[in-house]
Amino acid sequence: MIPSAHSFLGMSAILCSRPIRDLFGKLERIAKSNFAVLILGESGSGKELAARALHHFSPRASKPWVDLNCAALPEQLIESELFGYERGAFSGADSSKPGLFELAHGGTLFLDEIGDLDLRLQTKLLRVLDGVPFFRLGGTKKVNFDVRIVAASNRDLAALVREGKFREDLYHRLAQVSVTVPPLRERPEDIAPLASLFLEQHAQGRQFTTDALRALEAYPWPGNVRELRNVVVQSILLSGGDEICTLDLPEPIQDAYSRLPAEECDLKRLYAAVHAEQPAIAAEAEAIFPHGAMLENMERQLILQVLRQTSGHQERASRLLGISRRTLSRKLRLYEQEGGGTTLADED
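What this report covers is the structure whose coordinates are included nearby. (Residues numbered from 1 in each chain as written. Predicted model: local features only at pLDDT ≥ 70, side-chain atom pairs only at ≥ 80, totals over all residues. Heavy atoms only, no water.)

It is worth spelling out the overall build of the chain at this point. Scanning the chain from N- to C-terminus turns up 16 helices and 13 strands. Buried positions account for 47% of the 348 residues belonging to the chain. When contacts within the chain are restricted to residue pairs at least 6 apart in sequence, long-range pairs at least 24 apart make up 71% of them. Element-wise, carbon and sulfur atoms account for 49% of the exposed surface of the chain, whose accessible area totals about 17,100 Å². (Helix = DSSP H or I, 4+ residues; strand = E, 2+ residues; numbered from the N terminus. Buried < 20%, exposed > 50% of the residue type's maximum accessible area, 1.4 Å probe, protein only. Contact = heavy atoms within 4.5 Å. Areas by Shrake-Rupley, 256 points an atom, 1.4 Å probe, with all protein chains shown as cover.)

All right, on to helix H5 (residues 119–129) then. For H5, the complete set of buried residues consists of Leu121, Gln122, Leu125, Leu126, Val128 and Leu129. Relative to the axis of H5, the buried residues are bounded by an arc of 160° and lie together on one face. On its buried face, H5 is in contact with helix H3 (75–83), helix H4 (100–103), strand E7 (108–112), strand E8 (134–135), strand E10 (148–153) and helix H7 (168–174). Backbone nitrogen of Arg120 and a side-chain oxygen of the N-cap are separated by 2.8 Å at the start of H5; the cap is Asp118. (Arc of directions from axis to C-beta. Polar contact = N/O pair within 3.5 Å; in protein donor to acceptor, adjacent residues only side chain to side chain.)

A word on the pairing of E10. In terms of residue burial, E10 counts as a mostly covered element, since six of its six residues are buried. Neither face of E10 is exposed, since Arg148, Val150 and Ala152 on one face and Ile149, Ala151 and Ser153 on the opposite face are all buried. Note: strand E3 (residues 37–40) against E10, four bridges, orientation parallel. Opposite Leu38, over in E10, you have Ala151 as the bridge partner. (Pairing = 2+ DSSP bridges.)

With that out of the way, let us pick up a nonpolar patch on the surface. Among the surface-exposed residues, Val233, Leu237 and Leu238 lie close enough to one another that they form a single nonpolar patch of about 300 Å² accessible area. If you trace the backbone, Leu238 turns up in helix H10 (residues 224–238). (Patch = residues over 30% accessible without salt bridge, like charges linked within 9 Å, V, L, I, M, F, W, Y side chains within 5 Å. Salt bridge = Lys/Arg side-chain N within 4 Å of Asp/Glu carboxyl O.)

Note on sheets: strands pair through backbone hydrogen bonds, and any given pair is parallel or antiparallel. Taken together, the five strands give an open sheet; going across it, the order is E4-E7-E10-E3-E11, and neighbouring strands pair in parallel fashion. Of all strands in the sheet, those with a lone pairing partner are strand E4 (65–69) and strand E11 (177–180), marking the two edges. Sheet twist, expressed as the average angle between the axes of neighbouring strands with direction ignored, equals 20°. Helix-sheet contacts for helix H2 (residues 47–57) involve E3, E4, E7 and E10, and the interaxial angle to E3 is about 155°. (Axes fitted to C-alpha atoms, helices over the stretch in contact; angles between N-to-C directions.)

Throughout the structure, instances matching the rule amount to 10 aromatic pairs. Among the aromatic residues, those joined into a cluster by ring pairs are Phe83, Phe101, Phe134 and Phe145. Lying across the ring of Phe83, Lys124 places its NZ or CZ 4.6 Å from the centre. (Phe/Tyr/Trp six-rings, centres within 6.5 Å; stacked < 30°, edge-to-face > 60°. Lys NZ or Arg CZ within 6 Å of the ring centre and 35° of its normal.)

Right, let's get into the pattern of salt bridges. Throughout the structure, instances matching the rule amount to 15 salt bridges. For Arg120, the salt bridge identified is with Glu75, shortest N-O distance 2.8 Å. Of this pair, Arg120 sits in helix H5 while Glu75 sits in helix H3, placing them 45 residues apart in sequence. Arg187 is the salt-bridge partner of Asp190, the closest N and O atoms lying 3.4 Å from each other. On the basis of relative accessible area, Asp190 is assigned to the buried category, the value being 0%. Three or more residues are tied together by salt bridges with common partners; here these are Glu75, Glu79, Arg120 and Lys124.

Below, the discussion takes up the nonpolar core. Counting residues in hydrophobic clusters, the biggest one holds 32 residues, and the most contacted among them are Phe101, Leu109, Leu111, Ile114, Ile149 and Phe166. Of all the secondary-structure elements, those providing two or more residues to this core are E4, H3, H4, E7, H5, E10, helix H6 (157–162) and H7. For this core, the leading source of residues is H5, giving five residues. Look past the residues within four positions of Leu109 in its chain and what remains in contact with it is Val66, Leu82, Leu100, Phe101, Ala104, Val147, Arg148, Ile149 and Val150. (Core = buried A, V, L, I, M, F, W, Y, C linked by side-chain atoms within 4.5 Å.)

Take the environment of Arg187 next. Its place among the elements puts Arg187 in the loop between E11 and helix H8 (191–202). It is 7.4 Å that separates the C-alpha atoms of Arg187 and Ile20, two residues lying 167 residues apart in sequence. A polar side-chain atom of Arg187 sits 3.0 Å from the main-chain carbonyl oxygen of Pro182.

Right, let's talk about unusual backbone geometry for a bit. Most peptide bonds take the trans form, and the phi angle of most residues other than glycine is negative. The backbone phi angle of Leu9 is positive, close to 55°, even though this residue is not glycine. Position of Leu9 among the secondary structure elements: in the loop between strand E1 (6–8) and strand E2 (11–13). Even without a glycine there, the phi angle at Ser311 is positive, about 55°. For Ser311, the position within the fold is in the loop between helix H14 (295–309) and helix H15 (314–321). Residue Ser311 is classed as exposed on the basis of its relative accessible area of 62%.

This is the structure we're talking about:
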């Protein structure tokens, strides 16, 4: 079951883990002020969502929300976007255009990837953030504005200051309040709910198997939430049924799952997966449970029964068992070393 999703300016948020709940509680308190806020965090971790939450919780929520990715445009275009221009200010300026500071009047201006801003523009931006009215490009009339600034970066701005690549005074002006969005690997409780939310958004009625969700939780997610969304979309396209299992996930995620401790793959969980899809095999296996055999032996018996049912086809057997192909191969090698034999298992 997917926990209720919050929405901040059209972006959905799942707030399950303690770190993310603490962060959004802090954002709600900060939002009541008018201080500039600097949001730090790895790429794809949810910095824009945090910025939107600040606007959502603030007294400016009914006023404009305007955003600009400072890394997406060349320097000359960023300047005209921020400050606007008058007709004839440069070649192609056939009409006047207000800048983002004007468009955001009364509301919030979000400057994403601020660490990529050119030093010359940093100087001009600092004057404006200090409350100095500015001219549009080619203009003769100063523009006054009332804007709350929120900036974000996946770069270490303090390090950029030391390297002379970012103005120290601008850094301190932007970071009147600073918060950090924790990476997804530090809040694993959010992984399964987020994956299920993305699945519901793109393919209603489908679901992940328990093992697939465990596999997602085992992966470190260097690309954070953005990478998780991409994996969900890819898995939807590659899976053939209503359920998405571990074999539908990218190989690095299967590899991370295969390295989980052995107790993550015990017989009872395998039995539940088999019982749901192959009642005949499950009924045959039920005879094993009352005998009081060791867990490892029961697991072994069930795996070999499934392999017999699939004529030794490892890929089909691993899908049926709800485990990765790598995990199944590792267990079969272990059985061979113990002298149990795995002649039913092909090499696909």
